[in-house]
Structure formats: structure tokens, C-alpha cells
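Residue-level structure breakdown
As a plain string of letters, each chain reads:
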Amino acid sequence: MSALLRQIPSNIPQDIRKIRIENSHLTELPRGSFENVSALEYLWLNFNNITVMHIKSLEYLPALKELRLQGNKLSSVPWTAFQDTPALKILDLKHNRLDVLPEHALRYLPNLTYLDLSSNQLTVISRDVFYSWPVYQRSQRAEGQIEAFSNAVLALHDNPWICDCRLRGFVQFIKSVGPPIILMNSYLTCSSPKFRAGKFFHEVELNSCMKPLTSALDTNLTVPVGLNVTLTCFVQASPSPAIWWTYALKLLRAFNVSNEPISEETIRSELLIPAARPADAGNYTCMAANFLGNTSVAITLHVETPWASTTSPDWGPIAPAEPGAHVEVRIAKQTVYGITLEWFAVAAAAAEPGETWYTLLVGRYDAAQKDAIYIGPGVNTYSVTDLLPATKYEVCVAVRNQAPRKGQCVVFVTGSDVSQMEQREKLIHIVVIVCAMVLAVPAGMYACTAEARPGCLIRCPCAYLRCRRGGQAQTAGSKESTLDSLPAGSEDGLCRPEGGRGARRPPAHEEPGKSRPPHRNSADLY
């Protein structure tokens, strides 16, 4: 108990008949875990962390009578492993995470008298699981005969059962089961669907499963622009199907779709289209699917515009303006390709705000005609996208289809479409040019001094004073010098002969066979 064991000990004596390891750190039962204790009859491994059980973990245990694995983390069990335990009578698997029970699960447990599967995650079970159980088959063959059978206790309570058509056969089995099979708790309850949650199995009547069948009262709708439209389809299926809407082969957003069950097998699905525009016209498809198949129904929507969609170049009146009707417009957000507008109606004699329609006129500032967008009641914001960058536009908002008044139009210019990569490239070019200019100065000075002869270095201390005096005089005359004049200045100022200020070294002193290097300026370096 509470031992820090991470695996089954290998030094267990061979004649041990009962092992109990609980509240430990076992995480798996590997193959041949008990191959050295073939006399084992009772194995308790409750409240560990066992998540994996090898298909040959119970090998060499022909005498095992009781296996308890309560309170572990098993999500599945290799049921064929019980072929190695033909004498097993008690199997306790409660408080695990089992969510599936295959049809052959009980086939290899012919002598079982107690099976506890309570408090797991079982949702749907086929009745064939129990029809193939040897204990049940023996009871059916011996029905009406006087023969003694040991009872088999079955615990299936506290599981989240889904009471739909898939559980129909299992519910019928639970209702009809009797000795020698005894339910520990015969009041099994439904967890879903919602309208059956909390009901007992003996209170529900489940129908057969059915492939989805979709229908619509009206498959061709025509509505005026700006009206809120609700498209409705009805889906009949069992079990409850998944329902979604598509438009132009695109899945529509779920928050515009509402599904409501109106009967046990019928669901009403509604798609809301607020303030319908001409762009919303087209075919909408309501689709439904369950494990038996899928089906769909298409609804065609037409949106009519009750007034003209363009205006005259001078924005002339479309209809007589209502006295006192005015709309204040402002730009809430602007991007390179569009803007978001907000407006507020200020009209003393106008209709109620919840009943006011608006006309949005959008176009280039110099365009002869502008596009008209009709906005339904209750909407006071709209985003215009797909505009050209660096272009001047004009947007006006008017009440209904009236001509916009002064102050109801906004003129704006979209941003420049300069990508971040282009800006980065420009910055790199500038940096390269600046670096080249900075590096050019020391490189030019090095080239100039390299042309001077070594003999100049001997006379440099003496020539320094003369150069300084000459430099001051030259500076007084002109304070500007060029880089190209530096080589000549260096040669004339540093390498003057001692006998004269302006004389150069005579050609006779030059080494024979060595030509004088040509004069180079900074431009030659590049």
C-alpha cells in the first residue's frame, strides 16, 4: 500500500496466491508481468496510474479468479487478453476512462460472475456485446428448463449515456434482462440529448436510426434591399445530425446560424442575413450529416433595389429632401485600401432611428458616377474596402435615397502602397552609400602617403615648420580643399629638397630602371 513502485516486482515468490498493490505509481502492465507467479488467484491493482495494459500482460495466469483495476486511467482494455484467464470470476474496472465496449468484449469471460463497468465514459453500447456473452447465451438456451446457474452481477450505472437511436438495442436489453444476469443498479439514466437528460431507461422509447432528410418551405426568395432576411430549412434525422450552411462553396460563420429542435427527430436551422444587399444574392445551401449519410437543400435569394444605383455627376437630388433630415458623417478608421464610416442621424421631422434607411454613395472624387449602397435600419457603420491606394475618393451618406446635403460628404485620400520590404531595401541602399563615403577618406589618404618616398620621412621634422607656415598662408587664401589635390599636396609639401622651397627632387637621384608611379586620385581607387 502506497509503495513507490513503478513496475511489478520480478522477485515475487512462485507460490504467491494473492497480490495487492494499491496507491502506487504503476503506469502500465507489460507483457509477462506475472510469468513467475502462475499460482496467482487474486490480483488487486486499485488506485494506481495504469494507462496501458498489454495484450499478453495476463499470460501464465490460468488460475486467476479475481482482477481488480478500480481507480486507474485505462481508456481501453485488450479484451482478448482474458483468453489467458479462463477461471476469472470477478472483473472490477469501475472509475476508469473506458469509452468503448467492442462487441467481442465479453466473449472470453465465460465464467464471470461479477463485472463492474460503472463510473466510466461509456456513451453508446451495442446489445450484441451482451448477446455474445457466454453467460447470457447459456441462460437463453436453458430458458424454461430446471437448471441451476450462478448469477452474474452487472454494474453499468454512472456513465454518460447518449439516449438516441444508437442506444435503442441496449435499452431494450436493459429492460428485458433478468436472472441469471442481475443489474447492480437497474435505474440507468440518460445524459443527452438535452430533452432526455435525467430520464431513466425504462421511461424512454427510442426509434430506429434514420439518414438526414432536409427540406425548406420556400426555396426561392425575393426581398427588397436592406431587409433582414432569415433563411430556414428543416432537417429530420436520427441521431441528431451536424448542420451547416454554405454560400458559393464557402462555409458560413456559425454565429449567424441557429439550430433549434422542434421535435424528437426534427431540427429547424435558420441563417440570418442582416440588411440584405445585392451582393448577398445567390444560392445558399443547408447541409446535414450523421453516421448514416448526408443530404442538402438549396435556397435561392434575390435582392431587389427599389431605386437607382447611380447618381448624376453633380450629386443632384434623387428625391425631395425631407425638411430637417441631416446625417453627420465621420471616418472611424482608414487603411491603405479602405475606410470605416460612422454616421448619426439628426432629423427633427425624420422617422424614428430604428426605421431610417440610408444611402451610401462611394466613388473617386473626379468620377462622373458614384456607386450606391443601401443600408437598412439600425445600422450606423459601414466599411468600404478594395479601394485603390494613393487615390482621392468621396463618400456621402444620405437619408433613404435623398441627395446628400452639405456636410454629409467626406473627401479622403487612400494611403501609399509601399510595402515594408521596399522601405527596408531603401534603408539598406542608404546605409551602403554612407558607408562607402566614410570608407573612402582613409583609403584615399593611405594611397596618397604610399606614393611618398622613404627619404621624405627623414626630412619630415624639418619640413613640418615650412609646411605649417605654407599651410597657414594657403588657408588664409582658400579654406576649401579637395580630395583629389591631396596626393599632389603631400608630395610637394613633404618631399621638397632642402635647397629650395619650390624645387622638386632632380630626376638624376631616381633609381635607374624604376619608373615613377603614375599620379592617382581618389576616383581611381574605385
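Residues numbered from 1 in each chain as written. Predicted model: local features only at pLDDT ≥ 70, side-chain atom pairs only at ≥ 80, totals over all residues. Heavy atoms only, no water.

Some thoughts on the overall build of the chain
This is how it is decided: For helices the rule is a DSSP run of H or I covering at least 4 residues; for strands it is a run of E covering at least 2, with both sets numbered from the N terminus onward. Exposure classes here rest on a 1.4 Å probe applied to the protein chains alone. A residue is buried below 20% of its type maximum, exposed above 50%, and partly exposed in between. Contacts: residue pairs with any heavy atoms within 4.5 Å of one another. Computed with a 1.4 Å probe, the accessible areas rest on the Shrake-Rupley method; for each residue, only the protein chains presented here act as cover.
Looking only at helices and strands, the chain has 6 helices and 27 strands in total. When the 526 residues of the chain are sorted by exposure, 37% land in the buried category. Expressed as a percentage of contacts within the chain between residues at least 6 apart in sequence, the contacts between residues at least 24 apart total 65%. Entry remark: accessible area of the chain is about 30,200 Å², with carbon and sulfur atoms responsible for 54%.

Concerning the packing of aromatic side chains
Defined as follows: Only rings of Phe, Tyr and Trp enter the pairing, Trp through its six-membered ring, and a pair is recorded when the two centres are within 6.5 Å. The plane angle decides the type: under 30 degrees is stacked, over 60 is edge-to-face, the rest tilted. Throughout this description, the term charge over a ring refers to an Arg CZ or Lys NZ atom that lies within 6 Å of the ring centre and within 35 degrees of the ring normal.
Applying the stated criterion across every chain yields a total of 13 aromatic pairs. Note on F130 and F173: the rings are 4.8 Å apart at their centroids and 10° apart in plane angle, and the pair reads as stacked. You can see F130 sitting in helix α1 (residues 128-131) and its partner F173 sitting in helix α3 (residues 168-176), a full 43 residues away along the chain. With relative accessibility at 0%, the residue F130 sits in the buried group. Using a relative accessible area of 1% as the deciding quantity, one classes F173 as buried. Taking 6.0 Å as the distance between ring centres and 85° as the angle between the ring planes, the aromatic pair formed by F170 and F201 counts as edge-to-face. Residue F170 is found in helix α3, and its partner F201 is found in the loop between β11 (190-192) and β12 (210-215); the two are separated by 31 residues along the sequence. Here K18 stacks its cationic end above the ring of W44, 4.7 Å away from the centre of that ring. Over the aromatic face of Y365 sits the side chain of K392, whose NZ or CZ is 4.1 Å from the ring centroid.

Points about the confidence of the model for the chain
Applied cut-off: Scored from 0 to 100, pLDDT records how confident the predictor is in each individual residue.
Here the chain averages 78 in pLDDT, and 74% of its residues register 70 or above. Looking across the chain, the model is least confident in helix α6 (residues 486-494), with a mean pLDDT of 43, and most confident in strand β6 (residues 90-92), with 97. Between residues 521-526, whose pLDDT stays under 50, and residues either more than four places distant or in other chains, the model counts 12 contacts.

Quick word on the pattern of salt bridges
Opposite charge on two side chains lets them pair, provided their charged atoms get close. Quick note on the threshold: Criterion for a salt bridge: a side-chain nitrogen of Lys or Arg within 4 Å of a carboxyl oxygen of Asp or Glu.
What the rule picks out here adds up to 14 salt bridges. Here R68 makes a salt bridge to E66, at a shortest N to O gap of 2.5 Å. Taken individually, R68 and E66 each receive the classification buried, so the pair is uniform in this respect. E264 is the partner of R196 in a salt bridge, and the nearest nitrogen-oxygen pair spans 2.1 Å. Of the two residues, R196 sits in the loop between β11 and β12 while E264 sits in the loop between β17 (257-261) and β18 (266-273), which places them 68 residues apart along the sequence. Residue classification places E264 among the partly exposed positions, given a relative accessible area of 37%. Beyond isolated ion pairs, a larger network of salt bridges with shared partners links E66, R68, D92, K94 and D116.

Let's talk about the sheet that holds strand β14 (residues 229-238)
We count it as follows: Any two strands are treated as partners once DSSP identifies two or more bridges connecting them. Structural elements are reduced to axes, namely lines fitted to C-alpha atoms, with helices fitted over the stretch in contact, and the angle between N-to-C directions of any two is expressed from 0 to 180 degrees.
Pairing is antiparallel in the open sheet, where 4 strands are placed in the order β12-β14-β18-β17. Only two strands of the sheet have a single neighbouring strand rather than two, namely β12 and β17. Averaged over all neighbouring strand pairs, the angle between strand axes comes to 20°, with direction disregarded.

Topic: the state of the cysteines
The condition is simple: Any two cysteine sulfur atoms within 2.5 Å of one another count as a disulfide.
Within the structure shown, the criterion is met by 4 disulfides. The disulfide partner of C233 is C286, and the gap between their sulfur atoms is 2.0 Å. Of this pair, C233 sits in strand β14 while C286 is found in strand β19 (residues 282-290), placing the two residues 53 residues apart along the sequence. By relative accessible area, which is 0% here, C233 ends up buried. Judged by relative accessible area, C286 falls into the buried class, the value being 0%.

Digging into the side chain of S118
Mapped onto the elements of the fold, S118 is located in the loop between β7 (114-116) and α1. Taking relative accessible area as the criterion, S118 reaches 3% and is therefore assigned buried. What S118 contacts, discounting residues up to four positions off in sequence, is K94, H95, A155, L156, H157 and N159.

Section: the sheet that holds strand β23 (residues 358-364)
Across the sheet, which stays open at both edges, the 4 strands sit in the order β24-β23-β26-β27 with antiparallel pairing between neighbours. Each of the sheet's edge strands pairs with one partner strand only, and the pair in question is β24 (371-375) and β27 (409-413). Taken pair by pair, the neighbouring strands of this sheet meet at an average axis angle of 20°, ignoring direction. The pairing of β23 with strand β26 (residues 392-399) spans 7 bridges and is classified as antiparallel. Across the sheet, G363 pairs through a bridge with E394, a residue of β26.

Here we look at unusual backbone geometry
What is expected of a backbone is that most residues other than glycine have negative phi and most peptide bonds are trans. In this chain, P179 is followed by P180 through a cis amide linkage whose omega measures 10°. Inspection of the secondary structure puts P180 in the loop between α3 and β10 (181-183). For the bond from S238 to P239, the omega torsion is 5°, close enough to zero to count as cis. With respect to the helices and strands, the residue P239 is situated in the loop between β14 and β15 (242-247). Its identity is not glycine, yet F47 carries a phi of approximately 55°, on the positive side. With respect to the secondary-structure elements, F47 resides in the loop between β3 (42-44) and β4 (52-53).

Thoughts on the side chain of D164
Selection criterion: Here a polar contact is taken to be a pair of N or O atoms separated by no more than 3.5 Å, where protein atoms must pair a possible hydrogen donor with a possible acceptor and residues adjacent in sequence count only if both atoms sit in side chains.
Secondary-structure assignment places D164 in the loop between β9 (161-162) and α3. Of the polar contacts made by the side chain of D164, one reaches the side chain of R166; its length is 2.7 Å. In contact with D164, not counting residues within four places along its chain, are R196, L206 and P239.

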